[in-house]
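Residue-level listing of the chains:
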Amino acid sequence: MSALQELADLLFPNVTETPDDLEQRYPARQLPEGARVVRIAPSPTGYLHLGVLFTATVNFLTAQASKGVFFFRLEDTDKKREVDGGAADILAGLRQYGLVIDEGYEAPGKETGSYGPYRQSDRAPLYHVYAKSLLLQGLAYPCFCTAEELDAVRTGQEVKKQRTGYYGEYASCRALTPEQAIEKIKAGQPYVLRLRSPGDESRRVKFDDVIKGTIEMPENDQDIVLLKSDGIPTYHFAHAVDDHLMRTTHVIRGDEWIASVPIHLQLFRVLGVKPPKYAHVSPIMKEDNGGKRKLSKRKDPEAAVHFYAEQGYPADSVQEYLLTIANSDYEEWRRCNADKPRSAFPFNLKKMSVSGALFDLNKLNDVSKNVIAGMDADTVLEAVLAWAKEQNPAFYEQLTADLAFARGIFAIDRGGPKPRKDLSRWSEVPEYTAYFFNRPTEYPWPEQLATEDIRAILEAYPAVYDPAQDKQAWFDTIKALCPSLGFCPEIKEYKKDPGSYKGHAGDVSTVIRVAVTGRRNTPDLCGIMALLGNDEIAARLAAAAKAL
Ligand code: GLU
């Protein structure tokens, strides 16, 4: 047996398979022409943040638009940075935002699809097959340098103003013979497995990024670590092995990885497999002090996806908004296709911003107002209850005490051709609906009216109010009351000769609105009054008159 074979067997005693065996086990996918196989591959190092949700959305849309596959891979190789419950939070978030996966990791012990396992910590045997094969081809070698030795090399490079890293003459373990390596291993020296990079810094690699266009960079010549001392792969190596075996066609990921593409292309080359296409998504930006900066997990509460649930933004609103920042022609498409599902939109990676889309909460609010305006009363009730149960238990109790009443509130001004667009998120609902549950304590009366005239309206109105009347009849009743109070029933008439009246029918209804709700602006007052009921209306009008 050759010394190299002996070294390979010493390093990987359990590996009996070859890359060819894995090719058989994970054959090319049978998909229609043009179908893209994409994935979201988060590390469970924190809770779901907007950047990951955005990238996942872009992947999901790409799969959907090409009738391809969207899968989930858990990249949990960095156990030190792993956060308890991180994976579950990310998965729950993706589900909540409708990003349904076709295959992948779903929970401990649960995954779907035939290209797994989809959790990197379950894939060690696969990485080792490739690692052993690279070693046997002379394309990888064990490195025994200690952290101190590597630091000393780096310092030396810095002093000499040279490129730092483990390459060329600095890659000292390159020179070890298999026999020397075997000896060190047998002596119990810890080691990592490094790539023997075939690259040359003076040569350039060129690739076409689907979003960013053609990019050229120096070739990689660093002998990067493939397997850490515990046998766990680095991101680079795992990416190449996984995305090859899972037959990913497009790697759509954050652009912090763009600088690593020369390493990745080289890895695919030494593995002897075709690289995927790359599409690097620019980070979501935020306006700050007149400038633009990346949305920050530390500084911006809206960077955490939990923020949207806490605020009560419907998942649909967030998805609609993410689409407007993903493809700038989405808004126009939505205007022309109000009733179509998002999946009908011709999403295209090529239309994504190269410099980074700007995140704007006001814009999200506008988008969300439209989304909420399109919901019917039952949908709103259900969503508000679900939000309140988690975020505002007192309000939840208030609503559930009388569900028919609660439904009545959300039915007002809803379902017609021109629904009101005044709610952007469920956290606005308690304040928005407060007067249904509490009598007003303040009365912002119209300034132009005299107290005596307000009093006269409040005293005359109870006798004519009929809760059975519809909107039209209700307003006709107010108009009919006007002459006896010195008000003009018609605004047009009033405008011709304002001096002859105390005000017009609109002013009378405002007085009633203020008395009943404590506000000058509300949805349909006739509906509000019908829901509150005759006794409550009588009591509120009397209380308002008394407070004058
Ligand atoms: N685990 C990597 C990250 O979370 C995935 C990058 C990729 O999509 O390849 O940044």
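The structure we're discussing is the one just above.
Just so it is clear, the model here is predicted, and its values are computed rather than measured.

Asks: What am I meant to see in the pairing of strand β3 (residues 103-107) here?
Replies: Look at any regular strand and the pattern is simple: side chains alternate between the two faces of the sheet. Relative to β3, strand β2 (residues 69-72) is paired through two bridges, and the arrangement is parallel. Among the inter-strand pairings, Phe71 is bridged to a residue of β3, identified as Glu103. Relative to strand β4 (residues 110-112), β3 runs antiparallel, the two being bridged by three bridges. Within β4, the residue paired with Gly104 across the bridge is Thr112.

Asks: Explain the pattern of salt bridges to me, please; I cannot follow it from the model alone.
Replies: Pairing between side chains of opposite charge can happen when their charged atoms approach one another. Applying the stated criterion to the full structure yields 44 salt bridges. When the shortest N-O distance is used, the salt bridge between Arg73 and Glu75 registers 2.9 Å. Take Arg73 and Glu75: they sit in the same class, and that class is buried. The network of salt bridges with common partners includes Arg39, Arg73, Glu75, Arg123, Asp242 and Asp243.

Asks: Help me understand helix α14 (residues 377-391) in this model?
Replies: Note: α-helices contain 3.6 residues per turn, so residues at a spacing of three or four share the same orientation. Here α14 contains 15 residues, and its C-alpha end-to-end distance of 20 Å stays within 8% of the 21 Å for a straight helix at 1.5 Å per residue. Residues of α14 that are buried: Ala377, Val380, Leu381, Val384, Leu385, Trp387 and Ala388.

Asks: When you look at the environment of Phe144 in this model, what are you seeing that I'm missing?
Replies: Counting through the fold element by element, Phe144 comes out in the loop between β5 (140-143) and α6 (147-159). Looking at Phe144, the relative accessible area reads 6%, which means it is buried. Considered as a pair, Phe144 and Tyr191 are 47 residues apart in the sequence and their alpha carbons are 4.5 Å apart. Excluding its chain neighbours within four sequence positions, the residues that come into contact with Phe144 are Glu149, Cys173, Leu176, Ala181, Lys184, Ile185, Gln189, Pro190 and Tyr191.

Asks: Help me understand the site of the ligand in this model?
Replies: What surrounds the ligand is the set Arg39, Ala41, Pro42, Ser43, Glu75, Tyr235, Arg253 and Trp257. Here a nitrogen atom of the ligand and a backbone polar atom of Ala41 are 2.9 Å apart. Take Trp257: an N or O atom from its side chain is 3.2 Å from an oxygen atom of the ligand. If the ligand stood free it would expose 300 Å²; the protein chains cover 82% of that surface. Residues belonging to the shell around the ligand are distributed by class as follows: four nonpolar, one polar and three charged.

Asks: Please clarify how the pairing of strand β12 (residues 285-288) should be interpreted in this entry.
Replies: Here β12 runs beside strand β13 (residues 291-294); their pairing, made up of four bridges, is antiparallel. By the bridge assignment for β13, Met285 is matched with Lys294. The hairpin turn running from β12 into β13, its antiparallel successor, is two residues long, and Asn289 in that turn takes a positive phi close to 50 degrees. Pairing of β12 with strand β14 (residues 358-359) involves two bridges; the strand directions are parallel. Paired with Met285 across the strands is Leu358, a residue of β14.

Asks: Would you explain unusual backbone geometry in this entry?
Replies: Of all residues except glycine, most have a negative phi; of all peptide bonds, most are trans. Gly116 connects to Pro117 through a cis peptide bond whose omega is 0 degrees. Residue placement: Pro117 occurs in the loop between β4 and α5 (124-136). The phi torsion at Lys161 lies on the positive side, around 55 degrees, for a residue other than glycine. Relative to the assigned elements, Lys161 resides in the loop between α6 and α7 (178-186). For Lys161, a relative accessible area of 78% corresponds to the exposed category. For Asp413, which is not a glycine, the phi torsion comes out positive at approximately 60 degrees. Along the chain, the position of Asp413 falls in the loop between α16 (403-411) and α17 (429-432).

Asks: Any chance you could explain the side chain of Asp76 here in plain terms?
Replies: Summarising the element assignment, Asp76 is placed in the loop between β2 and α4 (86-96). In this structure the side chain of Asp76 is engaged in a polar contact, spanning 3.2 Å, whose partner is the side chain of Lys79. Within the local environment of Asp76, its side chain forms a polar contact with the backbone nitrogen of Gln120, the two atoms lying 3.4 Å apart. For Asp76, the residues in contact, after removing those within four places along its chain, are Pro44, Glu82, Arg119, Gln120 and Ser121.

Asks: Help me understand helix α11 (residues 315-326), please; the structure alone is not making it clear to me.
Replies: Here α11 spans 16 Å end to end across twelve residues, near enough to the 16 Å set by a 1.5 Å rise per residue. Of all twelve residues making up α11, ten are buried, and the element is well covered by its neighbours. Along α11, the residues classified as buried are Ser317, Val318, Gln319, Glu320, Tyr321, Leu322, Leu323, Thr324, Ile325 and Ala326. Looking at the buried residues of α11, the elements they touch are α3 (50-65), α10 (306-311), α12 (330-336), β14 and α13 (361-373).

Asks: How should I be thinking about the packing of aromatic side chains in this particular structure?
Replies: Between two aromatic rings, the relevant description is the distance of the centres plus the angle of the planes. Tallying each qualifying case throughout the model produces 22 aromatic pairs. Geometrically, the ring pair formed by Phe395 and Phe437 is edge-to-face, given 6.2 Å between the ring centres and 85 degrees between the ring planes. Remark: Phe437 occurs in helix α18 (residues 434-437) and Phe395 occurs in helix α15 (residues 393-400); sequence separation between them is 42 residues. Given the relative accessible area of 23%, Phe437 is considered partly exposed. On the basis of an interplanar angle of 75 degrees and a centroid distance of 6.2 Å, the ring pair of Phe405 and Phe436 is categorised as edge-to-face. With a gap of 31 residues between them, Phe405 in helix α16 and Phe436 in helix α18 connect regions that are remote in the sequence. Each member of the pair Phe405 and Phe436 is classed as buried. Ring pairing ties together the aromatic residues Phe307, Tyr308, Tyr313, Tyr321 and Phe359, which thus form one cluster. One residue, Arg163, lies across the ring of Tyr167, its end atom 4.2 Å from the ring centre. Here the basic side chain of Lys184 rests over the ring of Phe144, its NZ or CZ set 5.8 Å away from the ring centre.

Thresholds applied
- Residues numbered from 1 in each chain as written.
- Predicted model: local features only at pLDDT ≥ 70, side-chain atom pairs only at ≥ 80, totals over all residues.
- Heavy atoms only, no water.
- Pairing = 2+ DSSP bridges.
- Helix = DSSP H or I, 4+ residues; strand = E, 2+ residues; numbered from the N terminus.
- Salt bridge = Lys/Arg side-chain N within 4 Å of Asp/Glu carboxyl O.
- Buried < 20%, exposed > 50% of the residue type's maximum accessible area, 1.4 Å probe, protein only.
- Expected span 1.5 Å × (residues − 1).
- Contact = heavy atoms within 4.5 Å.
- Near = heavy atom within 4 Å.
- Polar contact = N/O pair within 3.5 Å; in protein donor to acceptor, adjacent residues only side chain to side chain.
- Areas by Shrake-Rupley, 256 points an atom, 1.4 Å probe, with all protein chains shown as cover.
- Nonpolar A, V, L, I, M, F, W, Y, C, P; charged D, E, K, R; others polar.
- Phe/Tyr/Trp six-rings, centres within 6.5 Å; stacked < 30°, edge-to-face > 60°.
- Lys NZ or Arg CZ within 6 Å of the ring centre and 35° of its normal.

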